[in-house]
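What follows is the residue order along each chain.
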Amino acid sequence: MARSGLADAARVARWADAALGPGRGSATADGKATLSDATAEQAARELGLTAAKVRADWDTARLAGLVEVHGDTARPGWRLRAWNRDDSAVLRGWVALFDAWSLAHPEPAGQEPAAVAEVISAMPQVLSFLQLSAGPVPVAQLLDLLEQRVTELRTERCEVPYGPRLEPGTPQTPHKPRNQTHTPPLPQAPDGTADTPLAPLLDWALHALASVGALTCGDGHATLTPLGSWAVWVKLEQICVAAQSPAGNIEQSAEDMLRGCAQLRPNAARAEYRAWLAARPVGSAVAELLDGARGEDALLRGLAFEALRVVGAPAEPDVRAVLDEPTLRPYALLWLAEHDGADAEDAHEVLTRQEATWLWVDTAAAVADHGEAPLLVRHLESAVQPTVPALLDEVRAVGHPRTVQVLVALAAAHPDPALAKAVRRAAFQVHTGGS
C-alpha cells in the first residue's frame, strides 16, 4: 500500500534526480522548494502528466523525504536511494507523509489559525480511538471526541487561577450559604476560537488523512486503512516503549544516556536505546548521538554506534557524512558494512590496516578507562597484527591521541615482565617522539 500510494511521487523524484541535479537545471523559482513554471512544464511533457499533477506529486515527494531541495537544486533523499531494496525506507517515507497530513492537504481558507492548531493537536487521540475501534466509527462520535480533546487542551493551556481576582484592599463579598456552590468560569480560548465550529475542521482533517491513504470516509463513517492502522499502532507502541525506559535515562542527553547504559548488558542497553530514540525525532537523535561519539570518551563512541545500529537505515546519510572524520571513520565503516549486509564478524575486513590499528587503540582506551586489567590484557588478542612487536610498531605510527596512556596501562596490567618492559619502552618512545 505504501509503495502504491507513493509511486507517483517516486516517479517525479526520480525524474528530478535525473533532470535537476547540480549543473543540469533549476528546480525551484524561489528557493523555497516550489517548482518553477518552466520545470513543471518540462516534467509534464517528459512524464506525460499535467503541470498540476507534477506539482502535487513533487510536494508529496518532498513531504515523504524522497527528494531534498537545496537552494535551486534538488537531490534524492536516502529513502529514494533505498526504495527498491529496503521496504522500511518506503514505510518510513509514508509515515513522514502521514505525519505531514495537514501540509499535504491545507485547511480551507478563512479558518481561525488557533482553532486549526488545536484540531491538529487533538487528532492523534482521534486516530488512536479509530485504531482501537478496529472498524467504522460514526463521524458524529469522532466530533464529540474532538470537542472533548480541544476543551482539554484549552484547560491545560489556561494558567490563570479560576474565579475572580481581588485587588489589594478590595472588600470581600460575604460567604454564600452552604447550599449554594460557586462554579468557576471555563478557561478562555484564544480570541475567536471559542465560537469556532469544529465540524468543518474535523471534515477537513478526515479528508486530509484520506488523501494520504490513512483512512477512508463515507456514509457518515470513518475507517482507518490497514496502512493507517499500522502507523497509529506503531506510534502507540513507541509511546509505550518510551514510557518503559528500563534505566530511566529517557530524559537525558545522548551522552548521559550512553553513560547510563555503560554498565548494562547488551539486551538491556538496546532496550534503553529504543526507549530514548522513541521519544525523539530521528534526525535530531542521530545528530546528538554522533556529537556524543565525537567526545574524548572512547567507550561512549562505541556505545553511540551501537545505538545507531538500533536506528538503522535512517541514520545512513549522517553516518556516511562522518567518514571524513578520523575519530569516527572506523566506526562508521563498520556500521555501513553491517548495514549493507555484511556479517558482524566479517565487517572488520572493510578497514585498512591503519584504521583497524586506530580502532584497536581507541577500544583499548575505553577498556583502560572503564574496564579491568585482565580485559585490557585479553584485548591484545583482538589486534590484527600477528606479534606484539608488530602491533607496537604500528600503534606508534598510527597517531592516536591516547596511545601513551593505553600502552602505560597495558604495561602495568600484563603479567609477562619482558612484554611489559617492551610496552613501557614503546610508550616512552611515543611520549618523547622517538622511533
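Residues numbered from 1 in each chain as written. Predicted model: local features only at pLDDT ≥ 70, side-chain atom pairs only at ≥ 80, totals over all residues. Heavy atoms only, no water.

Draft legend 1. Inspection of the overall build of the protein chain at higher detail. A tally of helices and strands in the protein chain yields 21 helices and 5 strands. Within the protein chain, the fraction of its 435 residues that count as buried is 41%. Considering only contacts in the protein chain between residues 6 or more positions apart, those separated by 24 or more positions represent 63%. Of the roughly 23300 Å² that the protein chain leaves accessible, carbon and sulfur atoms contribute 53%. (Helix = DSSP H or I, 4+ residues; strand = E, 2+ residues; numbered from the N terminus. Buried < 20%, exposed > 50% of the residue type's maximum accessible area, 1.4 Å probe, protein only. Contact = heavy atoms within 4.5 Å. Areas by Shrake-Rupley, 256 points an atom, 1.4 Å probe, with all protein chains shown as cover.)

Draft legend 2. The arrangement of the environment of Pro 138 in detail. Mapped onto the secondary structure, Pro 138 falls in strand E3 (residues 137-138). Accessibility expressed as a relative area gives 30% for Pro 138, which makes it partly exposed. Sequence-distant contacts of Pro 138, that is, excluding residues within four places in its chain, are made with Gly 220 and His 221.

Draft legend 3. A look at the pairing of strand E5 (residues 221-224). Burial along E5 is one-sided: Ala 222 and Leu 224 are buried, and none of His 221 and Thr 223, which face the opposite way, are. The sheet contact formed by strand E4 (residues 215-218) and E5 spans 4 bridges and is antiparallel. Each bridged residue has a counterpart across the sheet, and for Gly 218 the counterpart in E5 is His 221. Hairpin connection of E4 to E5: 2 residues between the antiparallel strands, including Asp 219 at a positive phi of 55°. (Pairing = 2+ DSSP bridges.)

Draft legend 4. A look at the confidence of the model for the protein chain. Scored by pLDDT, the protein chain comes out at a mean of 81, with 84% of its residues at no less than 70. Note on residues 159-192: pLDDT is under 50 here. Beyond four places in sequence and across chains, it has 20 contacts. (pLDDT = per-residue confidence, 0-100.)

Draft legend 5. The side chain of Glu 316, seen in detail. Along the chain, the position of Glu 316 falls in helix H15 (residues 316-321). Classification of Glu 316 as buried rests on a relative accessible area of 9%. Only 3.1 Å separates the side chain of Glu 316 from the side chain of His 339, close enough to count as a polar contact. Not counting residues within four places of it along the chain, the set of residues in contact with Glu 316 comprises Arg 85, Trp 335, Leu 336 and His 339. (Polar contact = N/O pair within 3.5 Å; in protein donor to acceptor, adjacent residues only side chain to side chain.)

Draft legend 6. Focus on the environment of Phe 129. Mapped onto the elements of the fold, Phe 129 is located in helix H7 (residues 113-133). If near-sequence neighbours (up to four positions away) are discounted, Phe 129 is found in contact with Val 137, Gln 141, Leu 142 and Leu 145.

Draft legend 7. Main features of helix H12 (residues 266-278). An ideal rise of 1.5 Å per residue puts 18 Å on 13 residues; H12 measures up with 18 Å between its terminal C-alpha atoms. Along H12, the residues that are buried comprise Ala 269, Glu 272, Tyr 273, Ala 275, Trp 276 and Leu 277. (Expected span 1.5 Å × (residues − 1).)

Draft legend 8. Main features of a negative patch on the surface. A surface patch of negative charge is lined by Asp 343, Glu 345, Asp 346 and Glu 349. Relative to the helices and strands, Glu 345 is located in the loop between helix H16 (329-339) and helix H17 (353-370). On the basis of relative accessibility, which here comes to 65%, the residue Glu 345 falls in the exposed class. (Patch = residues over 30% accessible without salt bridge, like charges linked within 9 Å, V, L, I, M, F, W, Y side chains within 5 Å. Salt bridge = Lys/Arg side-chain N within 4 Å of Asp/Glu carboxyl O. Lys, Arg positive; Asp, Glu negative; His and termini not counted. Charge placed at Lys NZ, Arg CZ, Asp CG, Glu CD.)

Draft legend 9. The arrangement of the packing of helix H1 (residues 2-19) against helix H2 (residues 37-47) in detail. Where H1 meets H2, the axes come as close as 11 Å, and the angle between the chain directions of the two elements is 110°. As summarised for this structure, H1 and H2 are arranged roughly perpendicular, according to the angle between their axes. Handedness of the crossing formed by H1 with H2: right-handed. Where H1 abuts H2, its residues Arg 11, Val 12, Trp 15 and Ala 19 lie against Thr 39, Gln 42, Ala 43, Glu 46 and Leu 47. Taken together, the residues that form the contact of H1 with H2 break down as 5 nonpolar, 2 polar and 2 charged. (Axes fitted to C-alpha atoms, helices over the stretch in contact; angles between N-to-C directions. Parallel < 35°, antiparallel > 145°, perpendicular 65-115°, else oblique. Left-handed = near helix turned anticlockwise from the far one by under 90°. Nonpolar A, V, L, I, M, F, W, Y, C, P; charged D, E, K, R; others polar.)

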